[in-house]
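Chain by chain, the residues:
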Amino acid sequence: MMRKILISSVLVAMVVVLESFSATVSIPDMSGSTGSIVKVPVEIDDASGIAGFQLTLNFDESILVAQDASTGNLTDGWLIFYNAENEGQISIVCLNSNLEELGNETGSLIVVSFLVSGEIGASTEISISEANFRNSFAERIPVSLESGIFTVDVRKGDVNGDEVIDISDVIMCLRMAIELPLNIGQQQYMVPYPSWLISRADMNNDGEVNISDVILTLRKAIGLD
Ligand SMILES: [Ca+2]
Ligand SMILES: [Ca+2]
């Protein structure tokens, strides 16, 4: 009898330990400028046992528009399916088709691409719901969830929002100085340019885009500033 109680209390203790050391699935705090595509990873600090999972990301639809989801560095070659039809959320299922479980690794499970559409300074929480992590026997793996905050910001000089400042930004700044149309992504922008585009090109913050901004963008592009 005593032994039975002892064993069961050891089991309870083990379960408590396992629960308290369960993995955390999280989204990092990130920022990006309007009109650009940002890639937001869903990360895990201990992927032990995972062979498949599903989850939904929730966010402010006026700030982020989900484009697609792809596998992360832990899930290369896994099957992935997503549904981004509903505004403000994207649902994802990801599975190792050989039912091979991940080891005790840290990294990204999936990467979700968003088009940033909010005004500069706006922010939204990206939260995780419907999270369901399973091992190769379809047994549940407990995880704790952490949201991330996404903030719309601006990188001065990166007119096309591709994360680098180079000659293409100089040309775009030049085109804006003489009020020509420009193409960013699939979109064409003409006068009056949207305010987020002006704030990218207006290097000296005087409210207009002219030869001063072209020179300052060129200095950045060739590494003088
Ligand atoms: Ca650029
Ligand atoms: Ca200016």
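This one's a predicted model, so the numbers in the text were calculated from it and none came from an experiment.

Some thoughts on the overall build of the protein
Then, number 1: Each helix and strand counted, the protein has four helices and 13 strands in total.
Then, number 2: Relative to a compact globule of 225 residues, whose C-alpha radius of gyration would be 17 Å, the protein shows 23 Å and is clearly more extended.
Then, number 3: Along the three orthogonal principal directions, the C-alpha set of the protein runs to about 90 × 30 × 30 Å.
Then, number 4: The proportion of buried residues among the 225 residues of the protein is 29%.
Then, number 5: Taking contacts inside the protein between residues at least 6 apart in sequence as the whole, the part at least 24 apart equals 71%.

Some points on helix α4 (residues 211–221)
Then, number 1: Those residues of α4 lying buried are Asp213, Val214, Leu216 and Thr217. Relative to the axis of α4, the buried residues are bounded by an arc of 165 degrees and lie together on one face.
Then, number 2: On its buried face, α4 sits against α2 (167–177) and α3 (195–201).
Then, number 3: Following α4 by one or two positions, Gly223 has its phi on the positive side, about 80 degrees.

A closer look at the nonpolar core
Then, number 1: Ranked by internal contacts, the top residues of the largest apolar core, which has 32 residues, are Ile50, Leu64, Ile110 and Val112.
Then, number 2: When contributions to this core are tallied by element, the ones reaching two or more residues are β3 (37–44), β4 (52–58), β5 (64–71), β7 (89–95), β8 (107–116), β9 (123–134) and β11 (148–152).
Then, number 3: No other element matches the five residues that β8 contributes to this core.
Then, number 4: Once residues lying within four places of it in the same chain are set aside, the contact partners of Ile110 are Val42, Ala69, Ser70, Thr71, Gly72, Thr75, Ile80, Ile92 and Cys94.
Then, number 5: Grouped together as the second largest cluster of nonpolar side chains are 10 residues, Val170, Leu197, Val209 and Val214 included.

Considering the domain arrangement of the protein
Then, number 1: Here the protein is partitioned into domain 1 (21–152) and domain 2 (167–221).
Then, number 2: Relative to domain 2, the C-alpha centre of domain 1 lies at a distance of 34 Å.
Then, number 3: Opposite the five residues of domain 1 that make contact, domain 2 presents six residues.
Then, number 4: Considered class by class, the residues forming the side of domain 1 that touches domain 2 number one nonpolar, three polar and one charged.

Observations concerning the sheet that holds strand β1 (residues 23–26)
Then, number 1: Across the sheet, which stays open at both edges, the five strands sit in the order β5-β8-β3-β1-β10 with mixed pairing between neighbours. The open sheet has two free edges, formed respectively by β5 and β10 (143–146), since each of these has just one partner strand. The average undirected angle you get between the axes of adjacent strands in this sheet is 25 degrees.
Then, number 2: In the sheet, β1 pairs with β3 via two bridges, with the strands oriented antiparallel. Among the inter-strand pairings, Ser26 is bridged to a residue of β3, identified as Glu43.

As for the pairing of β3
Then, number 1: In the sheet, β3 pairs with β8 via eight bridges, with the strands oriented antiparallel. Looking across to β8, one finds that Val42 is bridged to Ile110.

Notes on α2
Then, number 1: Asp169, Val170, Met172, Cys173 and Met176 are the residues of α2 that are buried. One side of α2 holds all its buried residues, which, seen down the axis, span an arc of 165 degrees.
Then, number 2: Against the buried residues of α2 lie β12 (182–184), α3 and α4.
Then, number 3: Directly beyond the C-terminal end of α2, a positive phi value near 60 degrees is found at Glu179.

What about the environment of Ser147?
Then, number 1: You can see Ser147 is positioned in the loop between β10 and β11.
Then, number 2: Here Ser147 falls in the partly exposed class, since 17 other C-beta atoms lie within 10 Å of it.
Then, number 3: Note: C-alpha distance between Ser147 and Ile211 (64 residues apart in sequence) is 43 Å.

Quick notes on the sheet that holds strand β2 (residues 30–32)
Then, number 1: Reading across the sheet, the six strands line up as β2-β11-β9-β4-β7-β6 and stay open at both edges, with mixed pairing between neighbours. The sheet is open, and its two borders are formed by β2 and β6 (79–83), each paired with just one other strand. Strand-to-strand, the axes of this sheet are offset by a mean angle of 20 degrees, without reference to chain direction.
Then, number 2: Bridge count between β6 and β7: five bridges; the pairing is antiparallel. Within the sheet, the bridge partner assigned to Phe81 lies in β7 and is Val93.

Conventions used here
Going along each chain's sequence as written, the residues are numbered from 1 onward. Labels follow written order: the first chain is A, the first ligand is 1, and so on. Residue-level local features of this predicted model are given only where pLDDT is at least 70; pairs of side-chain atoms are given and counted only at 80 or more, and the full residue set underlies all totals for whole chains, interfaces and linings. Here a strand is any run of E in DSSP of at least two residues, a helix any run of H or I of at least four, and the numbering for each starts at the N terminus. This radius of gyration counts C-alpha atoms alone. The globule rule is 2.2 Å times how many residues there are, raised to the power 0.38. The burial label depends on the number of other C-beta atoms within 10 Å of a residue's C-beta. Counts of 20 or more mean buried, 12 or fewer mean exposed, and intermediate counts mean partly exposed, with C-beta atoms placed from the backbone. In this description, a residue-residue contact is defined by the distance between C-beta atoms placed from the backbone, which must lie within 7 Å. The reported arc concerns the directions from the helix axis to the C-beta atoms and nothing else. Put simply, a nonpolar core is buried Ala, Val, Leu, Ile, Met, Phe, Trp, Tyr and Cys residues tied into one set by C-beta atoms within 7 Å. By convention here, the domain bounds are inherited from an automatic or database domain assignment. Amino acids are sorted into nonpolar (Ala, Val, Leu, Ile, Met, Phe, Trp, Tyr, Cys and Pro), charged (Asp, Glu, Lys and Arg) and polar (every other residue, Gly among them). Should DSSP find at least two bridges between two strands, the strands are regarded as paired. To obtain an axis, a line is fitted to C-alpha atoms, over the contacting stretch when the element is a helix, and the angle between two such axes runs from 0 to 180 degrees between their N-to-C directions.

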